[in-house]
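One letter stands for each residue in the lines below.
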Amino acid sequence: MRSHHHDHDDQHEHGREHGHGHGHQHGHHAAAGNGEAAMAEILDLDAEVMHAYMSEVTAWIGELTADAPPRRILDLGSGTGTGTFALLRRFGRADAVALDVSSDMLRHLAERARELGLADRIRTVQADLDAEWPALDPVDLVWASSSLHHMADPDRVLADVFATLRPGGLLVVAEMESFPRFLPDDLGIGRPGLEARCKAVLDERRIAVHPHFGSDWGSRLTKAGFAIEDERTSAIELTPPLPPATGRYAQASLRRLRSGLDGVLSADDLATLDVLLDGDGPASLLRRDDLTVRTTRTVWAARRP
Ligand SMILES: C[S@@+](CC[C@H](N)C(=O)[O-])C[C@H]1O[C@@H](n2cnc3c(N)ncnc32)[C@H](O)[C@@H]1O
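Residues numbered from 1 in each chain as written. Predicted model: local features only at pLDDT ≥ 70, side-chain atom pairs only at ≥ 80, totals over all residues. Heavy atoms only, no water.

(A) Local environment of the environment of A40. Locating A40 in the fold gives a position in helix α1 (residues 35–49). Judged by relative accessible area, which is 5%, A40 ranks as buried. With 68 residues separating them along the chain, A40 and H108 place their C-alpha atoms 8.0 Å apart. Not counting chain neighbours up to four residues away, the residues in contact with A40 comprise T80, M105 and H108. (Helix = DSSP H or I, 4+ residues; strand = E, 2+ residues; numbered from the N terminus. Buried < 20%, exposed > 50% of the residue type's maximum accessible area, 1.4 Å probe, protein only. Contact = heavy atoms within 4.5 Å.)

This is how it looks when you write it as structure tokens:
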């Protein structure tokens, strides 16, 4: 079964609840070139901006596990833990293992878990799944969001997930189609179509860096022995007026993109990007009222028979 969702105006009530100060990004984290810190910020902002969508996804997992709500959850490639936290809020009696290769991400996650009062329900495990699967107790639910495409051999990882899930347990895989789009085609500055040109460069690079991105996860899951229970593709389009986190999300995302574009885009396009990224300027992403968030995300729910 495949269902399509269109989320439009439900973004107003969120965006404030986390109150992320960015004051924690000091020391080496403040360096613009620190890819990990920049990624952590993007993951947190993504969760803030996409709060309503994530809440729908966890509600859907709740329906699929209504007979036996999960008690032991594994978040595979947890990043900063936005999935772990959302699932623990949804499943009040569950504990989670947050697994990631990055100890920086896990540190960030543990700090946030303490702030949220969830620390005693989360164990972090640092492991490189390309190297080997760590020893883990059986779990009821595995959540893998935007992480499987990072793996060198996702099919081997899926076999390990299968073995770690209890029979009847559920694996939920979430992947996005591409970088979210934020900008109107005509910005009123520079040549129209800037974001489309950025996206084209990014899509090309992504294929080189993450060859499994955009893979047919449904058939890979089936091959690994899972029974697909449901698949949902959501075409998300958040439109103005949007909360201020949207500007920060666009800024963090485009700033990360900008760092690899010298000599790739025209000098004109780079200058326009710099105007957008300038936090104080009148045309800055933080001040614009014409930003949207457009992204397509798919989730698969796969049961270990
Ligand atoms: C795009 S992030 C997604 C994070 C989080 N699941 C989310 O949706 O916000 C991908 C995560 O996978 C982790 N990762 C990549 N390769 C990995 C590997 N070989 N073993 C374990 N984790 C890995 C990265 O460190 C990163 O935190």
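Still more ground to cover, so stick around.
(B) Molecular detail of helix α9 (residues 267–277). Every buried residue of α9 is listed here: D269, L270, T272, L273, L276 and L277. The arc that holds the buried residues of α9, viewed along the axis, is 160°, so those residues lie on one side. Among the exposed residues of α9, those pointing more than 90 degrees away from its buried face are A267 and D268. In this structure, the buried residues of α9 make contact with α6 (194–209) and α8 (245–258). (Arc of directions from axis to C-beta.)

(C) Just the packing of aromatic side chains, in detail. Tallied over the entire structure, the rule returns three aromatic pairs. Look at F179 and F182: their rings are 6.2 Å apart centre to centre, the planes differ by 85°, and that puts the pair in the edge-to-face class. Of the two residues examined, F179 and F182, each falls in the buried class. Relative to Y249, the ring of F182 lies with its centre 5.2 Å away and its plane at 90°, an arrangement referred to as edge-to-face. Taken together, the residues span a long stretch of sequence, with F182 in the loop between β6 (165–176) and α6 and Y249 in helix α8 at a distance of 67 residues. Under the relative-accessibility criterion, F182 is labelled buried at 0%. For the cation-ring pair, R206 lies above F213, with the distance from its terminal atom to the ring centre recorded as 4.3 Å. (Phe/Tyr/Trp six-rings, centres within 6.5 Å; stacked < 30°, edge-to-face > 60°. Lys NZ or Arg CZ within 6 Å of the ring centre and 35° of its normal.)

(D) Expanded view of α8. The terminal C-alpha atoms of α8, which comprises 14 residues, lie 19 Å apart, in line with the 20 Å expected from a rise of 1.5 Å per residue. Most of α8 sits inside the fold, with 11 of its 14 residues counted as buried. Those residues of α8 that fall on the buried side of the exposure criterion are A245, T246, G247, Y249, A250, Q251, A252, S253, L254, L257 and R258. Summarising the contacts, the buried residues of α8 are in contact with α1, α6, α9 and β8 (293–303). (Expected span 1.5 Å × (residues − 1).)

(E) Spatial organisation of the pattern of salt bridges. All chains considered together, the criterion is met by 17 salt bridges. D46 is the salt-bridge partner of R297, the closest N and O atoms lying 2.8 Å from each other. Note that R297 is positioned in strand β8 and D46 in helix α1, a separation of 251 residues in sequence. Residue E115 pairs with R112 through a salt bridge whose shortest N-O separation is 2.6 Å. (Salt bridge = Lys/Arg side-chain N within 4 Å of Asp/Glu carboxyl O.)

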